[in-house]
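If you want the building blocks of each chain, they are given just below.
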Amino acid sequence: MDFLTYTDTLQIKLQDQKRYIFDPIRKKWLVLQPEEFVRQLIVQYLLQNKGYNRNRIAIERGIKVNGLAKRCDILVYDQDMQPFLLIECKAPEIPLDANVFHQMAVYNMQLRVPHLMMSNGEASYICKIDVENQEYTLLQDLP
């Protein structure tokens, strides 16, 4: 998956010597940070390539994990509005390692989604989760 091909579809502006990026899901301008850039590239991929409905995508949705308030980067819901895909975004310089996978797994203890993805824009890993057998299978692309 080459998310950089969606760079031209992003709305970026310079205001007061700060760069901002428009989030079409939350419908607001955000300070352009490396992780936000990756998140918005993935959003464009979900909308344009995978055809996901923008009304079924939540950005930085709050969840409770062990009594603590956390936020998952991208959560996609299926047609029945059940959580279907959890995506953890990292800045390009952040390696996708066991710590990132553990963070997603902890979030998924609450959400119990069947698909997880982590990406830093340069590398991405997608897996299908079998909660009952506590196993996962790596996938080549999003369902």
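One can find the structure itself at the top, above this paragraph.
Owing to the predicted nature of the structure, the values given are computational and were not obtained by experimental measurement. (Residues numbered from 1 in each chain as written. Predicted model: local features only at pLDDT ≥ 70, side-chain atom pairs only at ≥ 80, totals over all residues. Heavy atoms only, no water.)

Engineer: How do you make sense of the pattern of salt bridges when you look at a structure like this?
Structural biologist: For side chains of opposite charge, pairing can occur when their charged atoms come near one another. Summed over the entire model, instances satisfying the criterion amount to ten salt bridges. Between Asp141 and Lys50 there is a salt bridge, with the nearest N and O atoms lying 3.4 Å from each other. With Asp141 in the segment after strand E9 (135–139) and Lys50 in the loop between helix H1 (34–49) and strand E4 (57–65), this residue pair connects regions lying 91 residues apart in the sequence. Judged by relative accessible area, which is 30%, Asp141 ranks as partly exposed. Taken together, the shared-partner salt bridges connect Asp23, Arg26, Glu35, Glu36, Arg39, Glu60, Arg71 and Asp73 into one network. (Salt bridge = Lys/Arg side-chain N within 4 Å of Asp/Glu carboxyl O. Helix = DSSP H or I, 4+ residues; strand = E, 2+ residues; numbered from the N terminus. Buried < 20%, exposed > 50% of the residue type's maximum accessible area, 1.4 Å probe, protein only.)

Engineer: I tried to follow the nonpolar core on my own but got confused; where do I start?
Structural biologist: Soluble globular proteins tend to bury their nonpolar side chains together. Judged by nonpolar contacts, the single largest core of 26 residues is most densely connected at Ile42, Leu46, Ile57, Ile74 and Leu85. Those elements that place two or more of their residues in this core are H1, E4, strand E5 (68–77) and strand E6 (83–89). No other element matches the seven residues that H1 contributes to this core. Setting aside residues up to four positions removed in sequence, Ile42 forms contacts with Phe3, Ile74, Ile87, Cys89, Met117 and Ser119. If you look at the next biggest cluster of nonpolar residues, it comprises 18 residues, including Ile63, Leu86, Leu111 and Leu116. (Core = buried A, V, L, I, M, F, W, Y, C linked by side-chain atoms within 4.5 Å. Contact = heavy atoms within 4.5 Å.)

Engineer: Teacher, can you tell me more about the packing of aromatic side chains here?
Structural biologist: The relation between two aromatic rings is expressed through the spacing of the ring centres and the mutual angle of the planes. Per the counting criterion, the structure on display carries four aromatic pairs. Each ring, one from Tyr6 and one from Tyr45, has its centre 6.0 Å from the other, and the planes form 80°; the classification is edge-to-face. Within this pair, whereas Tyr6 is found in the segment before strand E1 (12–15), its partner Tyr45 is found in helix H1, the two being separated by 39 residues in sequence. An aromatic cluster is built from Phe3, Tyr6 and Tyr45, whose rings are joined through pairwise contacts. Over the ring of Trp29 we find Lys13; its NZ or CZ atom is 4.4 Å from the centre of that ring. (Phe/Tyr/Trp six-rings, centres within 6.5 Å; stacked < 30°, edge-to-face > 60°. Lys NZ or Arg CZ within 6 Å of the ring centre and 35° of its normal.)

Engineer: Even after reading the chapter, I still don't get helix H2 (residues 98–111), so can you show me in this structure?
Structural biologist: The α-helix advances 3.6 residues per turn, and as a result positions three or four apart in sequence lie on the same side. For H2, with 14 residues, the first-to-last C-alpha span of 19 Å sits near the 20 Å given by 1.5 Å per residue. Packed against the buried residues of H2 are E4, E5, E6, strand E7 (115–119) and strand E8 (124–130). The opening residue of H2 is Asp97, an N-cap whose side-chain oxygen sits 3.0 Å from the backbone nitrogen of Asn99. In the stretch just after H2, Arg112 is the one whose phi turns positive, near 55°. (Expected span 1.5 Å × (residues − 1). Polar contact = N/O pair within 3.5 Å; in protein donor to acceptor, adjacent residues only side chain to side chain.)

Engineer: Please clarify how the side chain of Lys90 should be interpreted in this entry.
Structural biologist: Within the element layout of this structure, Lys90 appears in the loop between E6 and H2. Of the residues examined, Lys90 reaches a relative accessible area of 14% and is grouped as buried. Here the side chain of Lys90 touches Glu88 through a polar contact of 3.3 Å, side chain to side chain. Among the polar contacts listed, one links the side chain of Lys90 to the side chain of Gln103, at a separation of 3.0 Å. Residues in contact with Lys90, not counting those within four places in the same chain, are Glu35, Val38, Leu96, Val100, Gln103, Ser119 and Asn120.

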